[in-house]
Amino acid sequence: MLVQGDADKKIWVDFQQRVAKAPEQVLRYSRSSGAKPLWPMASGRASKSEIPNCKSCGGSLCFEFQVMPQLLFFFGGKNDRESLDWATIVVYTCANSCDSSLSYKEEFVWVQLYSQTT
Ligand SMILES: [Zn+2]
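Since the structure is predicted, the reported quantities are computational estimates derived from the model, not experimental observations. (Residues numbered from 1 in each chain as written. Predicted model: local features only at pLDDT ≥ 70, side-chain atom pairs only at ≥ 80, totals over all residues. Heavy atoms only, no water.)

### Details of the environment of Glu 106
Put simply, the test is: The numbering of helices and of strands both runs from the N terminus, where a helix is a DSSP run of H or I of at least 4 residues and a strand a run of E of at least 2.
With respect to the element layout, Glu 106 can be found in the loop between strand S3 (86-94) and strand S4 (108-113). Counting along the chain gives 12 residues from Glu 106 to Cys 94, while the straight-line C-alpha distance between them is 9.8 Å.

### What to know about the coordination of the zinc ion
Operational definition: Sites may look incomplete because water is not among the atoms; the donors themselves are N, O and S atoms within 2.8 Å of the metal, or within 3.2 Å for Na, K and Ca. Tetrahedral means four donors with every angle between 85 and 135 degrees, whereas square planar (four donors) and octahedral (six donors) require angles over 155 degrees between opposite donors and between 65 and 115 for all others; sites fitting neither are termed irregular. Burial classification: accessible surface area is computed with a 1.4 Å probe over protein chains only, and a residue below 20% of its type maximum counts as buried, one above 50% as exposed, and the rest as partly exposed.
For the zinc ion, the full set of protein donor atoms is Cys 54 (SG), Cys 57 (SG), Cys 94 (SG) and Cys 98 (SG), and the range of their distances to it is 2.1 to 2.3 Å. Geometry at the zinc ion is tetrahedral, judged from its four donor atoms and the angles of 103 to 114° they form at the metal. Each donor residue of the zinc ion belongs to the same chain, with the gaps between them written as C-x2-C-x36-C-x3-C. Within this pair, whereas Cys 57 is found in the loop between strand S1 (27-29) and strand S2 (61-67), its partner Cys 98 is found in the loop between S3 and S4, the two being separated by 41 residues in sequence. Judged by its relative accessible area of 15%, Cys 98 is buried.

### Describing the pairing of S2
Worth spelling out the cut-off: By this definition, two strands are paired if DSSP reports at least two bridges between them.
For S2, a buried count of five out of seven residues is recorded, marking the element as mostly surrounded by other parts of the structure. As paired strands, S1 and S2 are joined by three bridges and run antiparallel to one another. Each residue of the ladder has a partner; that of Leu 27, found in S2, is Val 67. Where S2 meets S3, six bridges bridge the pair, whose relative direction is antiparallel. Paired with Val 67 across the two strands is Ile 89, which belongs to S3.

### Regarding the confidence of the model for the chain
We count it as follows: Per-residue confidence from the prediction method is given by pLDDT, with values spanning 0 to 100.
Of the residues in the chain, 79% have a pLDDT of 70 or more, and the chain-wide mean is 80. When mean pLDDT is taken per element in the chain, S4 scores highest with 93 and helix H2 (residues 71-74) scores lowest with 66.

### Focus on the sheet that holds S4
This is how the line gets drawn: With axes taken as lines fitted to C-alpha atoms, and helix axes fitted only over the stretch in contact, angles between N-to-C directions fall between 0 and 180 degrees.
Taken together, the four strands give an open sheet; going across it, the order is S1-S2-S3-S4, and neighbouring strands pair in antiparallel fashion. Whereas interior strands pair on both sides, the edge strands pair on one side only; in this sheet they are S1 and S4. Between one strand axis and the next, the sheet turns by 25° as a mean value, whatever way the strands run.

So this is what it looks like as structure tokens:
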């Protein structure tokens, strides 16, 4: 059985291999049904029970886009995990796209932090 730290390292390697195909990619966007965020780590992922329902219509929220850690490179930070305190930021929006007439609508944002064990 893998300890949590080893699982994180393996997922981190997989993640790096995926993003290496598009290293300039700082935002992953998808509204296709069933799309899932690309998690850099095993720990700290949003589970279904942690994603609330839409505050407007009560429907389910779905993955809309995620901010990749490479974004910090463009802000002048070093693009290595030691200089990051977050792994990815995932934004969930209403699956029904309700209340599109509102100029401001609260969405659900999940920040995956680097675990202390790795
Ligand atoms: Zn809604």
